[in-house]
Amino acid sequence: MITKPIDKEFNAEATTQRIDPSFLGELISTHSKRIAPKYRKYQRLYENKHKILSRPKKDENKPNNRIANDFFSQIIDNTVGYFLGNPIILNYTEPQGEKKPVEVDPVDVGVDLGDIVDTAVQDELDSICTENDKDDLFIEWGKEAMIKGLSHVLVYQNEESKTKFMRVSPEDCIVVYKNSSTHEAKWKIRLYDIDTEDTKKVTHYAEVYDATGCDIFTSTEESTGARGARSIASYTFQKRVPHIYGRIPIITLYNNEEQMSDLERIETLVNDYDKVLSDMSNEFEAFRNAYLMLKNMVAGKDALEKLKVEGILEIMENGDAKFLTKQIQTDAIENHLDRLERNIYKFSQVPDLSDESFAGNLSGIAIRFKLFGLETKCIIKERKMEKAIKELFRVLYAPLRVLTGKEPDVLNLKVEFTRNVPNNITELVDTVCKLDGKVDKETLLALLPFIDNPKEVLEKLEAEAQAAKASSDPYSMGNIQADMSTPFPNLNAGRAVGGSQGLQSGGDEAGADTNPVTENGAQNG
């Protein structure tokens, strides 16, 4: 948006529900001519299309090097990696009331129904986020807001009635507020074009979203005209499409309250750095193409050709030949470039990771101290993004209510950010061990960077503990069934076999002293 809101253009105290077509044309024309070019400029800067690249060549005989130093994308990418490198976790927890004491049933199987947590809203929220590639969407959403100052996401239902997200660039979206004090949106207008090949015309579409529906306006112009101007005021109303959200389904993420780009504060510094380095490169190229000065002699065309081929020049008496060069103050130029580079990192609040001070095995405190400026900037971004994500959840209220039959409350949603920063794992583990017994397990596990979901880890630990307890309990159902499936061993079998062997060996030793037993012998005895 513009720095100073103009009431007629971007704040509408209208009593009618539908926007006036002529007012819509004024909004689109002003947005296209005054606001959208700024967003496109910062996008070009991020893509390394700097101002120096458009510098004209003034003299055909002099070099015109144009060197673009890609500070912009490096600063944006480092900030995005630090702030959004780790996925944002959305945890929705239903409030649990106090448990009422219940009488123990003698036939109780040991399952407390009060311990079962209702995860219906969380499951459907995870399903919607997975279908829309939440992690990629959020990181691109935040990156565009850093580049252009703000970014938008549109929520809609596709042909299969599934909830989908679509990112809308700020140059294709206009926010109209109810007034300049409350900063509450009255309309959000999405702009897009459709080419018609058979008629060779371009149809401009304007979708005006409010809390209950979307008014679609169109305008047509010849394709040979200036398509990017959008200076047509003859928009006509086509139809109104209702939606189910009860709110404007376009969510705006602001980079900061001033809607400033992260590149705005360092734009002039980088432009000067490009200019100085390009001019320095021109000087070195001119130095390489230095003039040859001949004293008290004249070289003909043949002599010059011989000089180029053989590198030999005949000098007459009292003659001399030498190159005329320019003394370049390299030290002063290097100092100026170093100062510019330090200021670029200083005012962007992003540390220079190639600095020697980042080398070595730094402690966690030392790393956080060096990243203090970046962390300060990211705190503001975190507050803005958490606000936008909660507004996104409010828009998802209707789909979640239909899918779960419950009443989702944004107060039960917790948005968790984790910085992507190298940690000293030994220090963290030592801290966790010292706090064991003094702080709850979930908080301790949250301190470890390799654990994304402490609740899930606690559930796994509880399941392992229950399994270990069950395996060691001789009266558990599993052990009883295992014992029943194993037949009892015949302990007398081995003893009987051993006894018979002993008797046999004993009879052999007795020899003739032992009478053989026969059937008649028993009667004889």
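Please refer to the structure placed before this passage.
Cut-off values and rules
Residues numbered from 1 in each chain as written. Predicted model: local features only at pLDDT ≥ 70, side-chain atom pairs only at ≥ 80, totals over all residues. Heavy atoms only, no water. Axes fitted to C-alpha atoms, helices over the stretch in contact; angles between N-to-C directions. Helix = DSSP H or I, 4+ residues; strand = E, 2+ residues; numbered from the N terminus. Parallel < 35°, antiparallel > 145°, perpendicular 65-115°, else oblique. Left-handed = near helix turned anticlockwise from the far one by under 90°. Contact = heavy atoms within 4.5 Å. Nonpolar A, V, L, I, M, F, W, Y, C, P; charged D, E, K, R; others polar. Salt bridge = Lys/Arg side-chain N within 4 Å of Asp/Glu carboxyl O. Buried < 20%, exposed > 50% of the residue type's maximum accessible area, 1.4 Å probe, protein only. Expected span 1.5 Å × (residues − 1). Arc of directions from axis to C-beta. Pairing = 2+ DSSP bridges.

Go over the packing of helix H3 (residues 71-84) against helix H5 (residues 134-148), please, and point to the residues and values.
Viewed as axis vectors pointing N to C, H3 and H5 meet at an angle of 135°, and their least axial separation amounts to 10 Å. In terms of orientation, H3 lies oblique with respect to H5. Between H3 and H5 lies a crossing of right-handed hand. Two secondary-structure elements touch here, H3 through Ile76, Asp77, Thr79, Val80, Phe83 and Leu84 and H5 through Phe138, Ile139, Gly142, Lys143, Met146 and Ile147. Among the residues forming the contact of H3 with H5, the class breakdown is eight nonpolar, two polar and two charged.

I'd like a rundown of the pattern of salt bridges, residues and numbers included.
Oppositely charged side chains can form a pair if their charged atoms are brought close together. Summed over the entire model, instances satisfying the criterion amount to 28 salt bridges. The closest approach of N and O atoms between Lys148 and Glu144, which form a salt bridge, is 3.2 Å. Within this pair, Lys148 and its partner Glu144 are both found in helix H5, separated by four residues, close to a single helical turn. Each member of the pair, Lys148 as well as Glu144, carries the same accessibility label: buried. Between Glu184 and Lys178 there is a salt bridge whose closest N-O contact spans 3.3 Å. Since its relative accessible area comes to 42%, Glu184 is described here as partly exposed. We classify Lys178 as partly exposed; its relative accessible area is 34%. Look at the salt bridges and you will find they share partners, linking Arg18, Asp210, Asp215 and Arg240 into a network.

Can you explain helix H8 (residues 330-348)? Please cite residues and give values.
Here H8 is 19 residues long and its end C-alpha atoms lie 27 Å apart, about the 27 Å a rise of 1.5 Å per residue gives. Listed as buried for H8 are Leu337, Leu340, Ile344, Tyr345 and Ser348. The arc that holds every buried residue of H8, seen down its axis, measures 130°, which confines them to one face. Of the exposed residues in H8, the ones pointing more than 90 degrees away from its buried face are Asp331, Arg342 and Lys346. Positive phi appears at Gln349, one or two residues downstream of H8, with a value of about 60°.

Tell me about the sheet that holds strand S9 (residues 250-254), and name the residues and values.
Overall, antiparallel pairing links the three strands, which are arranged S3-S2-S9 in an open sheet. Lying at the two open borders of the sheet, with one neighbouring strand each, are strand S3 (163-168) and S9. Strand-to-strand twist in this sheet, taken as the mean axis angle between neighbours without regard to direction, amounts to 25°. Inspection of the sheet shows strand S2 (residues 150-157) paired to S3 by six bridges, in the antiparallel sense. The residue bridging Leu154 from the neighbouring strand is Met166, located in S3.

So what's going on with unusual backbone geometry? Which residues, and what values?
Positive phi is not limited to glycine here, since Gln259 has a value of about 55°. Take Gln259: it is sitting in the loop between S9 and helix H6 (267-288). The exposure class of Gln259 is buried, given its relative accessible area of 12%. In this structure, Gln349 takes a positive phi of about 60° despite not being glycine.

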